[in-house]
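Inside the fold
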Number of protein chains: 2
Amino acid sequence: MDYAKKFQVKPGDKVNLDKVDAGFKDQHKSKEDALELIETYNSKLKELQYLLYAENKHSLLICLQGRDAAGKDGTINHVLSTLNPQGCTVSGFKVPSAEEAAHDFLWRYHKAAPARGQVGIFNRSHYEDVLVVRVHSLVPEAIWSKRYDQINDFEKILHNNGTHILKFYLHIDADEQLKRFKKRIDDPQRHWKISESDYTERNYWNDYTSAFESAMEKCSTTHAPWFIIPSNHKWFRNLAISEIIVQTLESLQMKTPEPTVDITQIRKRYHEILQKEEKSKPK
Amino acid sequence: MDYAKKFQVKPGDKVNLDKVDAGFKDQHKSKEDALELIETYNSKLKELQYLLYAENKHSLLICLQGRDAAGKDGTINHVLSTLNPQGCTVSGFKVPSAEEAAHDFLWRYHKAAPARGQVGIFNRSHYEDVLVVRVHSLVPEAIWSKRYDQINDFEKILHNNGTHILKFYLHIDADEQLKRFKKRIDDPQRHWKISESDYTERNYWNDYTSAFESAMEKCSTTHAPWFIIPSNHKWFRNLAISEIIVQTLESLQMKTPEPTVDITQIRKRYHEILQKEEKSKPK
């Protein structure tokens, strides 16, 4: 199925997250059923990343957003760990440092943008500045409300310089989040990951819903689309995201660059070395 | 086998690369024979990286050095791509930028050092400043000859702040390098990677040998050891490097940190939410 088309928020669309089925899994009956396809996409992804790196012309920026326990880390670990780490950077964004806070809000994200030939992954992104910041009024509305346009401008700059942007909202419903919290409570190995804020933030569920909806309505453009990925089933989330990334990279029609040297000359050079070294070898 | 012990350059050792068998493959008859072990190490590596990340106390710096075609990229792609990209950065070092050149030679390497909880991979490293720089006299001997001590000081600073350093010299012999050059010439998909310098640098084979030997003799310390990895067989190289990394990380006896919250309270909290939400559900 064409998941890019199915899950993309089209410019001008209204978004109503409560109406999107977070448990969607298409025609796949189970994880096992989809695993083969995921493997196929993963190996395609590896090849395409090699081309991206070799061609050194485009770059890819993947932004992952979602509520607590939506699976941002899991997506990185399962989909994106098939990438060669040499061509890939992952950036997380915590509370801004003093230096970061002294700059405009987009400064630190621009700094982390992927170089040509590279894949950049933002685990949370510049959208936090219209999400958590909006929900908790960390800056006045007069300020955050102007940020949507600035985000669009920022993404346009990146796009016009060869960076392809894909933004994934990992959509889980309230029941699924609670199930995942329970799993963490039941597994002592995961206790260190539990924070108070998981529970306090859940009280703002509807405020986050509105904030996510606004962000996707105002900032889903043809050059930097938002996708709402049904993520109750982790394997379906992985499948859909891999497919969309593969499709995007395939559309770039990349190829390995022309050699920078004259291969005929190099071949000659090789045979000269071979002859010379053969001669000097002890008989 | 204890490859860490076998391949480590002990402090005070003389190094004679010509006497080290680059084709060594231990008791393994073939790649297939070793694959299972490599897989075991790779999954251990994944677990240990998770602990490194969770514990957030140590970091690991892996430096890869070797001649052209020795397999630095291949090592990253095969051994180190099993790592979660979220906890791993790869840094390559090209000709210094104007800003970098305006600082001491170690400045840009320090900037790229791994943060706590992270694995940093240097594809070529600060050793280039006593390798290519020495072979081609890019700075006077009076300058490069003082750099060994400075490198030791630099690595001591990192080590004393929780960064564990492993330095791998990927050892191939002259025949193997030529074979790999031939493979590149014969494969049109790889032509873009061929550069003149592969062939010109080969003329300095012995100068590089001396420069590598000096670096390893002067800068293999107990806290930042050099390992000479027989690398004619790529699979053996991968096996040995995985084993050494796994052994090093295991020696740190890491564990997941204590929870930062009171799990009993969190469990109570969870049940409160559950009850509240059950009540408000439409019957």
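This is a predicted model, so every value here is computed, not measured.

Note that B:S242 resides in helix 12 (residues 234-250). There is a polar contact of 2.6 Å between the side chain of B:S242 and the backbone oxygen of B:N238.

All right, on to the pattern of salt bridges then. Once their charged atoms are close, side chains differing in charge can pair, the charge on each being opposite to the other. For the coordinates displayed, the defined rule picks out 30 salt bridges over all chains. Residue B:R124 is joined to B:E128 by a salt bridge in which the shortest nitrogen-to-oxygen separation is 3.2 Å. Taken together, the salt bridges that share partners define one network made up of A:D68, A:R124 and A:E128.

With that out of the way, let us pick up the interface of chain B and chain A. Counting residues at the interface gives 46 residues for chain B and 45 residues for chain A. Across the interface of chain B and chain A, roughly 4,300 Å² is buried in total on both sides, 59% from carbon and sulfur atoms. Across the pair A:E196 and B:R269 runs a salt bridge whose closest N-O atoms are separated by 2.8 Å. At the boundary of chain B with chain A, the tally comes to 16 residue pairs in polar contact (both at pLDDT 80 or more). Of all the secondary-structure elements, those providing two or more residues to the side of chain B that touches chain A are helix 2 (31-55), helix 3 (72-78), strand 2 (88-92), helix 9 (174-186), helix 10 (196-202) and helix 13 (263-280) of chain B.

Attention now goes to the relation of the copies chain B and chain A. Once chain B is rotated about the relating axis by 180° and shifted along it by 0.0 Å, it coincides with chain A to within an RMSD of 0.0 Å. With respect to symmetry, the two chain copies, as superposed, fit the operation of a two-fold axis. When the interface residues of chain B are mapped onto chain A, 98% of them again fall at the interface, so both copies present the same face.

Turning our attention to the sheet that holds strand 5 (residues 226-230) of chain B. All names here are of chain B. Strand order in the open sheet formed by five strands is 2-3-1-4-5, and the pairing between neighbours is parallel. Among the strands making up the open sheet, the edge pair consists of strand 2 and strand 5. Between one strand axis and the next, the sheet turns through 20° on average, direction left out of account. Sitting on the sheet, helix 12 touches strand 1 (59-66), strand 4 (163-171) and strand 5, and the angle it makes with strand 4 is about 165°.

Once that is clear, we can look at the confidence of the model for chain A. Should pLDDT be low for a region, the predicted coordinates there are not to be read in detail. Averaged over all residues, the pLDDT of chain A equals 94, while 99% of them reach at least 70. We note a pTM of 0.92 for the whole complex and an ipTM of 0.88 for its interfaces.

Turning to the side chain of B:E213, a few remarks are in order. All names here are of chain B. With respect to the helices and strands, the residue E213 is situated in helix 11 (residues 205-219). With no salt bridge to any partner, buried E213 finds its closest opposite charge in R67, at an N-O distance of 7.1 Å. Once you skip the residues sitting within four places of it in the chain, E213 turns out to touch V15, N16, L17 and D18.

Let's shift gears to unusual backbone geometry. One non-glycine residue, A:S137, lies in the positive phi region at around 50°. Within the secondary structure, A:S137 is located in the loop between helix 6 (132-135) and helix 7 (141-144). Located in the positive-phi region is B:N56, a residue other than glycine, with phi close to 55°. Its place among the elements puts B:N56 in the loop between helix 2 and strand 1.

Right, let's get into the nonpolar core. In this structure, A:L80, A:F168, A:I229, A:I245 and A:L249 are the most contacted members of the largest nonpolar core, which totals 40 residues. Elements that contribute at least two residues to this core include exactly helix 1 (3-7), helix 2 (31-55), strand 1 (59-66), strand 2 (88-92), strand 3 (119-123), strand 4 (163-171), strand 5 (226-230) and helix 12 (234-250) of chain A. Examining the composition of this core, we find that nine residues originate from one element, helix 12 of chain A, more than from any other. Ignoring sequence-local partners within four residues, the contact set of A:L80 consists of A:I62, A:L64, A:T75, A:I121, A:I245 and B:P85. Listed in part, the 39 residues of the second largest apolar core include B:L51, B:L170, B:F236 and B:I241.

Cut-offs and rules
Residues numbered from 1 in each chain as written. Chains lettered and ligands numbered in written order. Predicted model: local features only at pLDDT ≥ 70, side-chain atom pairs only at ≥ 80, totals over all residues. Heavy atoms only, no water. Helix = DSSP H or I, 4+ residues; strand = E, 2+ residues; numbered from the N terminus. Polar contact = N/O pair within 3.5 Å; in protein donor to acceptor, adjacent residues only side chain to side chain. Salt bridge = Lys/Arg side-chain N within 4 Å of Asp/Glu carboxyl O. Contact = heavy atoms within 4.5 Å. Buried area = accessible area lost by both parts, 1.4 Å probe. Least-squares fit on C-alpha atoms with pLDDT ≥ 70 in both. Pairing = 2+ DSSP bridges. Axes fitted to C-alpha atoms, helices over the stretch in contact; angles between N-to-C directions. pLDDT = per-residue confidence, 0-100. Buried < 20%, exposed > 50% of the residue type's maximum accessible area, 1.4 Å probe, protein only. Lys, Arg positive; Asp, Glu negative; His and termini not counted. Core = buried A, V, L, I, M, F, W, Y, C linked by side-chain atoms within 4.5 Å.

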